[in-house]
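Tertiary structure, described
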Amino acid sequence: MTAYETRRVEEITRMVINSLKDSPRDNNAYRVPVGVSNRHIHLSRADVDTLFGKGYQLKKKKELMGGQYACEECCTIVGLKLRAIENVRILGPVRKATQVEISATDARKLGINVPVRESGDTAGSAPIAIVGPKGAIYLKEGCIIAARHIHMAPKDAADCGVKDGDYVSVRVENERGTTFNRVKIRVDDSFTLEMHIDTDEANACEISTGDTVEVIR
C-alpha cells in the first residue's frame, strides 16, 4: 500500500468513527429489555368457578409485573371446526371479564379471525371456547392478539422522554434486525421496564426474553 493509500484509509476510518459518534441513533438510544409473551388466558371469577369448580382458588406459579402472576392451571382453547390448543396458561388474579391472548399463528391454527388489540379492549373481538377440568365456557367475544407495548415506571418514562399513551418505534439489531413501529408506552408505578411482544414477533427477528432493543424517539 502506498503512502497516499495509507493516508486515505486513515482519513476514511476517522470519518466513519466521527460519523458513528455523531449518529442520532446512538445519541437517542434508550435500551429496553424484551419479554416474549406466549398465549395465555385471563379469567373472571364466574368463569373460574365454571372451569374449575365453585370457589376454586387459582394457584400462583410465578410472579409477574403489575401484581399479575402465572398460575399452575392451564386450559384448552377451541376455535372453529373444533380446532384446539391445549395447555394454555392462566394468568391471575381474576379479572372483571375473561380474555384470551394468542398469536396470529395460533389464530390460523384455530381457524378464527382475531384482531390486534390492547389488553382489555375486547368489544367486537373474536369468539372462542375455553375448556377446563370441570366445565367449559363459550365467549362471543374476548380473543385478541395483544398489541406490542412497553411497560415503564414513571422514572423510566422520564429518562426515556416519553409519557403514558405515547407511541414509539423500537429497533432490533441482530442478523434479522427490524424496526417495530407503533409501540405503545404504558406507565405505572407497579411496572418494571420491559417491552412485550408475542411469539410471532419474537421469532420473526430472532429475539428472546432478556434481550434488549432500542427505543427510537
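Rules of the game
- For every chain, the first residue of the written sequence is number 1, and numbering continues from 1 along that sequence.
- Reporting in this predicted model follows two pLDDT cut-offs: at least 70 for local features of residues, and 80 or more for side-chain atom pairs to be given and counted; totals over whole chains, interfaces and linings ignore these cut-offs and use all residues.
- Excluding hydrogens and water, the side-chain values take into account all heavy atoms of the structure.
- Strands here are runs of E lasting at least two residues and helices are runs of H or I lasting at least four, both read from the DSSP assignment and numbered beginning at the N terminus.
- Classification of residues uses two cut-offs on accessible area relative to the type maximum, computed with a 1.4 Å probe and protein chains only: under 20% is buried, over 50% is exposed, and between them is partly exposed.
- Throughout, a residue-residue contact means that at least one pair of heavy atoms, one from each residue, lies within 4.5 Å.
- Every accessible area reported is derived by Shrake-Rupley at a probe size of 1.4 Å, with residue values counting cover from the shown protein chains alone.
- We define a polar contact as two N or O atoms separated by no more than 3.5 Å, with the added condition that, inside protein, one atom must be a possible hydrogen donor and the other a possible acceptor, whereas residues neighbouring each other in sequence contribute only through side-chain atom pairs.
- Think of a nonpolar core as a cluster: buried Ala, Val, Leu, Ile, Met, Phe, Trp, Tyr and Cys residues, connected wherever their side-chain atoms sit within 4.5 Å.

Here we come to the overall build of the protein chain. Of regular secondary structure, the protein chain possesses six helices and 14 strands. When burial is assessed residue by residue, the protein chain has 40% of its 217 residues classed as buried. For the protein chain, the proportion of contacts with a sequence separation of at least 24, taken over those separated by at least 6, is 65%. Of the roughly 12200 Å² of accessible surface on the protein chain, 50% is carried by carbon and sulfur atoms.

Attention shifts here to the environment of Arg117. One can find Arg117 in strand 7 (residues 116-117). On a C-alpha basis, the gap between Arg117 and Cys143 in space is 9.4 Å, while along the polypeptide they are 26 residues apart. What Arg117 contacts, discounting residues up to four positions off in sequence, is Thr122, Ala123, Gly124, Ser125, Ile144, Ile145, Ala146 and Ala147. Looking at Arg117, its side chain comes within polar contact range of the main-chain oxygen of Ala123, at 2.9 Å.

Quick look at the nonpolar core now. Judged by nonpolar contacts, the single largest core of 26 residues is most densely connected at Ile41, Ile77, Val100, Ile102 and Ile130. The set of elements that each furnish at least two residues to this core consists of strand 2 (40-44), helix 3 (45-52), strand 4 (69-78), strand 5 (84-95), helix 4 (104-110), strand 8 (126-131) and strand 9 (136-146). Excluding residues within four positions of it along the chain, Ile130 makes contact with Ile41, Leu43, Leu51, Cys75, Thr76, Ile77, Thr98, Val100, Gly135, Ala136, Ile137 and Leu139. Formed by 22 residues, the second largest nonpolar core is a distinct cluster that contains Phe180, Val183, Ala202 and Val213.

The next subject is the environment of Gly161. With respect to the helices and strands, Gly161 occurs in the loop between helix 5 (154-160) and strand 11 (167-172). We classify Gly161 as exposed; its relative accessible area is 62%. Taking the C-alpha atoms as reference points, Gly161 and Arg217, separated by 56 residues in sequence, lie 7.9 Å from one another.

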